[in-house]
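Coordinates in review
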Amino acid sequence: PRRRFGPGRARCDNPRMDAPIADVDGRWTLSGVANLHSHAFQRAMAGLAERMTHPSDSFWTWRETMYRMAARFDPDRLHAVAAQLYAEMLEAGYTAVCEFHYLHHAPDGRPYADPAAMSRALIAAARETGIRLTLLPVLYMTGGFDGRPLNDRQRRFGHDVDAWLRLFETLRAEQDDAGHDGMLRVGCALHSLRAVPPDAMRAVLAALPRETRVHLHIAEQIGEVQDCLALRGDRPVRWLLNQAEVDARWTLVHATHLEMDEIVGIADRGATVAICPTTEANLGDGLFPLRDFLDAGGAWGIGSDSHVSVSPVEELRWLEYGQRLVTRHRNIVATEACPSVGERLLAGVRASAAQATGFAATTLAGDRVVLDPAAPQLAGATADDVADRWVFAGNRPAVATVSVGGRAVVREGRHVDRDAIAARYATAMARLLADG
């Protein structure tokens, strides 16, 4: 059937009027891409969870590997790993990142002398590398929908409501510090419905400043949907839409397993869905119902989540390819108004960036990525095909230079401090792996 496209959502009626990649002084240039979902510490375990641990390996067995790696971090190691990750993001064309941060306390669950020590490590890494950071401290309270207490491996993630609100206020003061030059935003992350009881969710939401961005893992796994049905009497997204004032301030992460009323409900409320195709594939989560969501007029973006890949090109490509594999058709996101798949994908991530990150759209538009003129996949590119060729014609981002907030952070494809950051990362990794 011919695809329609909802009103006001990254329309592409005349692609040339506002092309996502434009010729600026003879160089193909685009606004930086916002990475809407990141767990920075998981960069250290990329490639280390690909050995069978159980005949029915799944997200839930992968999580055990993640817990073991998480237990080895302290603020210095987190800083080193996050700086490496953020430098890689910038080299790939990401210029802003939403950091969904739940690694708060010491491994035994006791707060550090500075309860914000781990958060400050992330802020320092972002400032050092020059990426815009939306820091999302996570409220994590229970181990399941039944309210069970956190287990020993989860205790370093946990807060009660009052302690979390104190952390949030501390970090908001950091955001307002002029020393951060407008490069930091602080929002709220509710880890998931299974980890935040309903009363706690309502208390936190009531205490937040009105403009606060709220991010939440939801409906990622079939098991999560089944538990929510059994213990709360409804599917996760449907329950949330009925219980909370979900609107354009919200970003729902994954939202993989949806029914049509939930798809329409998210779109009608104006919330963004953060889709993380490479992580969702790596974990065996499933495929987001993208075509139905686009037809409902939904807002969406991408995230690299567990960082098995740090490339907007790969996320966007596999967002489209997953839909092709399911439908056995091609050019799934294209419409009559915007027949270019690459332009449609880039228009989608650009349209959702401001509302998901909390940075002004004009600010984000000023962060520029210039593509490599010598990249083979761009040889002979024209305005009509450059977006499609950048997304689909190569396995590297082909980024030459990146500037964020007027600061040049990538030159000739390399982060300006790549060598020092990589050396510190190598030392941190040696210690993390030795602790295993």
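Quick caveat, the model's predicted, so the values are computed rather than measured.

In the case of a regular strand, side chains alternate between the two sheet surfaces. Alternating residues of strand E11 (residues 299-302) divide into Ala299 and Gly301 and Trp300 and Ile302, and every residue in both groups is buried. The pairing of strand E10 (residues 272-275) with E11 spans 4 bridges and is parallel. In the strand pairing of E11, Ile275 is matched with Ile302.

Let us now look at the packing of aromatic side chains. Taken as a whole, this structure holds 11 aromatic pairs when the rule is applied. Centre to centre, the rings of Tyr102 and Tyr140 are 6.2 Å apart; their planes meet at 55°, and the pair counts as tilted. Taken together, the residues span a long stretch of sequence, with Tyr102 in the loop between strand E4 (94-101) and helix H3 (117-129) and Tyr140 in the loop between strand E5 (132-139) and helix H4 (161-175) at a distance of 38 residues. For the pair Tyr102 and Tyr140, a shared accessibility class is recorded, and that class is buried. Summarising the aromatic geometry, the rings of Tyr102 and Phe157 are spaced 4.8 Å apart at their centres and angled 75° between planes, so their arrangement reads as edge-to-face.

This part is about the pattern of salt bridges. The full count for this structure, using the stated rule, is 27 salt bridges. The closest approach of N and O atoms between Arg172 and Glu211, which form a salt bridge, is 2.7 Å. Of this pair, Arg172 sits in helix H4 while Glu211 is found in the loop between helix H5 (198-207) and strand E8 (214-218), placing the two residues 39 residues apart along the sequence. Taking relative accessible area as the criterion, Glu211 reaches 43% and is therefore assigned partly exposed. For Arg414, the salt bridge goes to Asp419, with nearest N and O atoms at 2.7 Å. Note on Arg414: relative accessible area 35%, which makes it partly exposed. For Asp419, a relative accessible area of 56% gives the class exposed.

Within the secondary structure layout, Glu88 lies in helix H2 (residues 75-92). Judged by its relative accessible area of 18%, Glu88 is buried. A polar side-chain atom of Glu88 sits 3.0 Å from a polar atom in the side chain of Arg43. Apart from the residues within four sequence positions on either side, Glu88 is in contact with Arg43 and Val310.

We now examine the confidence of the model for the protein chain. Per-residue pLDDT for the protein chain has a mean of 94; in total, 96% of the residues score no lower than 70. Considering only residues more than four positions removed or in separate chains, one finds that residues 1-11, a stretch of pLDDT under 50, has 32 contacts. Note on residues 13-17: pLDDT under 50 across the span, and 6 contacts to partners over four residues away in sequence or across chains.

Right, let's talk about empty space enclosed by the protein for a bit. One way to see where empty space is left: roll a probe the size of a water molecule over the atoms. Applying the stated criterion to the full structure yields 5 cavities of 30 Å³ or more. Of the pockets and cavities examined, the largest cavity occupies roughly 200 Å³. Residue lining of the largest cavity: 23 residues in total, with Phe59, Trp62, His191, His217 and Glu220 positioned closest to the centre. When contributions to the lining of the largest cavity are tallied by element, the ones reaching two or more residues are helix H1 (59-70) and helix H9 (277-283).

With that settled, the discussion passes to the environment of Leu433. The topology assignment puts Leu433 in helix H15 (residues 418-434). Separated by 27 residues in the primary sequence, Leu433 and Gly406 place their C-alpha atoms 37 Å from one another. Discounting chain neighbours no more than four positions away, the residues touching Leu433 are Leu48, Met69 and Arg72.

Moving on: the pairing of E4. Most of E4 sits inside the fold, with 8 of its 8 residues counted as buried. Summarising the sheet, strand E3 (residues 33-38) and E4 pair through 4 bridges and their orientation is parallel. Along E4, the bridge assignment pairs Ala34 with Ala96. Bridge analysis of E4 against E5 gives 6 bridges, and the strand direction is parallel. Directly across from Glu99, in E5, lies its bridge partner Leu135. In this fold, E4 hands off to H3, which returns the chain to E5; that crossover is right-handed.

Conventions and cut-offs
- Residues numbered from 1 in each chain as written.
- Predicted model: local features only at pLDDT ≥ 70, side-chain atom pairs only at ≥ 80, totals over all residues.
- Heavy atoms only, no water.
- Buried < 20%, exposed > 50% of the residue type's maximum accessible area, 1.4 Å probe, protein only.
- Helix = DSSP H or I, 4+ residues; strand = E, 2+ residues; numbered from the N terminus.
- Pairing = 2+ DSSP bridges.
- Phe/Tyr/Trp six-rings, centres within 6.5 Å; stacked < 30°, edge-to-face > 60°.
- Salt bridge = Lys/Arg side-chain N within 4 Å of Asp/Glu carboxyl O.
- Polar contact = N/O pair within 3.5 Å; in protein donor to acceptor, adjacent residues only side chain to side chain.
- Contact = heavy atoms within 4.5 Å.
- pLDDT = per-residue confidence, 0-100.
- 1 Å grid on protein atoms, 1.4 Å probe; cavity = no way out; pocket = protein on both sides within 12 Å on 5 of 7 lines; lining within 4 Å.
- Points joined across faces, edges and corners; volume = space filled by probe spheres on them.
- Right-handed = clockwise from strand over helix to strand, strands pointing away.

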